[in-house]
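Analysis of the macromolecular model
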Amino acid sequence: MKQIVAGIVAHVDAGKTTLSEALLYRTGEIRKLGRVDHGDAFLDTNSLEKARGITIFAHQALVEHGDLRLTLLDTPGHVDFAAETERVLRVLDYAILVVSGTDGVQGHTETLWRLLARYGVPTFIFVNKCDDEECKFERVFRQLHATFGVSVCPVFIPVETGKDVTMIDLLTMRPIKYDEKGNRTETAMRIGWEHTASEFKDALNEALAGTADELMEKFFEGESFTLEESVEALHN
């Protein structure tokens, strides 16, 4: 069984602990979804955390999915407890940097990015709150590009937000619809979605082209990457 240690980090109130709860719930590790602001989050066990409605200490949970055993570390988002978060970074195989889809890149987000780079932690960026009508994914992506560089590449993008969210997998160009309970179904591509997805696909391919000379050559010749080439480039 493959074993991975991954940490979830974010600016306070980006929804990192809520995301952790959802991962645990969807994989059957917990039976009820908790909320930080309600004081019943599974990972926030300390009485101070329950009283203040924020994560103060790093907490660990185990997720098993197929042949993967994932040790998930939820970390504090408040800058006052940054030392606790930095302590966790030293042991991570991967990190998930959560960015609010309504607030975008915030001050502590940039600090966390620099720390992740310092410790050499491969990082996924998760744009949260895509079910919020105020989510502006394109604006957030432009912020990420401007702040962290063009190596930040989109893999999934939201094209429909609200109670139900439709995402497009840019590797396969397939739309996937999620209902409010997290159930997913594949749906048909719409003309407006295809145009939006093509623009983000170009940004993805540009970033992937920088990982190998062969891909760079194909990119400038206007050739498409295979799924296998794209996945391998993402690993690089």
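Residues numbered from 1 in each chain as written. Predicted model: local features only at pLDDT ≥ 70, side-chain atom pairs only at ≥ 80, totals over all residues. Heavy atoms only, no water.

**A look at the environment of glutamate 214**
The condition that has to hold: By definition, any uninterrupted DSSP run of H or I lasting at least four residues is a helix, any uninterrupted run of E lasting at least two residues is a strand, and each is numbered from the N terminus. Only protein chains enter the accessibility calculation, which uses a 1.4 Å probe; a residue whose area is less than 20% of its type maximum is buried, one above 50% is exposed, and one in between is partly exposed.
Here glutamate 214 shows up in helix H7 (residues 213–220). Overall, the relative accessible area of 57% leaves glutamate 214 in the exposed class. Spatially, the C-alpha atom of glutamate 214 lies 9.9 Å from that of glutamate 229, the residues being 15 residues apart in sequence.

**Describing the layout of surface pockets**
To find leftover empty space, one rolls a probe the size of a water molecule over the atoms. Spelled out, the test is: Cavity means a closed set of points on a 1 Å grid over the protein atoms alone, one where a 1.4 Å probe fits but cannot get out, pocket means an open set with protein on both sides within 12 Å along at least 5 of 7 lines, and lining means a residue has an atom within 4 Å of a point. Grid points are joined across faces, edges and corners, and a volume is the space filled by probe spheres set on the points.
The computed volume of the second largest pocket comes to approximately 190 Å³. Around the second largest pocket, the lining residues are Leu171, Lys201, Asp202, Asn205, Phe219, Gly222, Glu223, Ser224, Phe225, Thr226, Leu227 and Ser230. Of all the secondary structure elements, the ones that give two or more residues to the lining of the second largest pocket are helix H6 (191–209) and helix H8 (227–235). Among the elements that make up the lining of the second largest pocket, the one with the highest residue count is H6 (3 residues).

**A word on the sheet that holds strand E6 (residues 156–160)**
The strands making up a sheet associate through hydrogen bonds between their backbones, and the pairing can be parallel or antiparallel. Threshold: Pairing between two strands is assigned when DSSP locates at least 2 bridges connecting them. To get an axis, a line is fitted to the C-alpha atoms, and for a helix only the part in contact is used. The angle between two axes follows their N-to-C directions and goes from 0 to 180 degrees. Between two residues, a contact is recorded if the distance between any of their heavy atoms is within 4.5 Å.
Spatially, E6-E7-E8-E9 is the arrangement adopted by the 4 strands of the open sheet, whose pairing is antiparallel. Looking along the sheet, the strands with just one partner apiece sit at the ends: E6 and strand E9 (184–186). Shown here is a sheet whose adjacent strand axes are inclined to one another by a mean of 30°, direction ignored. Examined bridge by bridge, E6 and strand E7 (residues 165–169) share 4 bridges and lie antiparallel to one another. Across the sheet, residue phenylalanine 156 finds its bridge partner in E7, namely aspartate 169. Sheet strands in contact with H6 are E6, E7 and strand E8 (174–178), and its direction is about 155° off that of E6.

**Details of the side chain of threonine 109**
Looking at the element boundaries, threonine 109 is found in helix H4 (residues 107–118). Given a relative accessible area of 1%, threonine 109 falls into the buried group. Leaving out residues up to four positions away in the same chain, threonine 109 has contacts with His11, Leu97, Val99 and Phe148.

**Some details on unusual backbone geometry**
Look at lysine 129: it is not a glycine, yet its phi comes out positive at around 65°. Tracing the backbone through its elements, the reader meets lysine 129 in the loop between strand E5 (123–128) and helix H5 (137–148). Unlike most non-glycine residues, methionine 173 shows phi in positive territory, near 60°. On the secondary structure map, methionine 173 appears in the loop between E7 and E8.

**So, a negative patch on the surface**
Applied cut-off: Patch membership requires over 30% relative accessible area and the absence of a salt bridge. Like charges are linked within 9 Å, and nonpolar side chains (Val, Leu, Ile, Met, Phe, Trp, Tyr) within 5 Å. Per-residue and other accessible areas were derived by the Shrake-Rupley procedure at a 1.4 Å probe size, with only the shown protein chains allowed to occlude residues. Between Lys or Arg on one side and Asp or Glu on the other, a salt bridge is scored when a side-chain nitrogen of the former is within 4 Å of a carboxyl oxygen of the latter. Neither His nor the chain ends contribute to the count of charged residues, in which Lys and Arg are positive and Asp and Glu negative. We put the charge of a Lys on NZ, of an Arg on CZ, of an Asp on CG and of a Glu on CD.
A cluster of acidic residues, Asp213, Glu214, Glu217, Glu221 and Glu223, forms a negative patch on the protein surface. Topologically, glutamate 217 is positioned in helix H7.

**Side note on the nonpolar core**
Note the threshold: Among the buried residues, those of types Ala, Val, Leu, Ile, Met, Phe, Trp, Tyr and Cys that are joined through side-chain atoms within 4.5 Å form a nonpolar core.
In terms of nonpolar packing, the biggest core is built from 38 residues, with Leu92, Leu144, Ile157 and Leu170 touching the most fellow members. Elements supplying a minimum of two residues to this core: helix H3 (82–89), strand E4 (94–100), H4, H5, E7 and H6. No other element matches H6, which puts 7 residues into this core. Leave out the neighbours within four places in its chain, and leucine 144 touches Val99, Val105, Ile125, Val127, Gly149 and Val152. Ranked by size, the runner-up nonpolar core spans 14 residues in total, among them Ile4, Ile30, Leu72 and Ile96.

**Some details on the confidence of the model for the chain**
This is how the line gets drawn: pLDDT is defined as a per-residue confidence score from the predictor, taking values between 0 and 100.
Across the chain, the average pLDDT comes to 86, with 90% of residues at 70 or higher. Across the chain, the secondary-structure element scoring lowest on mean pLDDT is helix H2 (residues 47–52), at 61, and the one scoring highest is E4, at 95.

**As for the pairing of E4**
How we decide: By convention, orient the strands away from the viewer: a clockwise path from the first strand over the helix to the second makes the crossover right-handed.
In terms of burial, E4 is largely enclosed, as 6 of its 7 residues are buried. Pairing analysis gives 6 bridges linking E4 to E5, with the strands arranged parallel. By the bridge assignment, valine 98 is partnered in E5 with phenylalanine 126. Note that the unit made of E4, H4 and E5 has a crossover that is right-handed.

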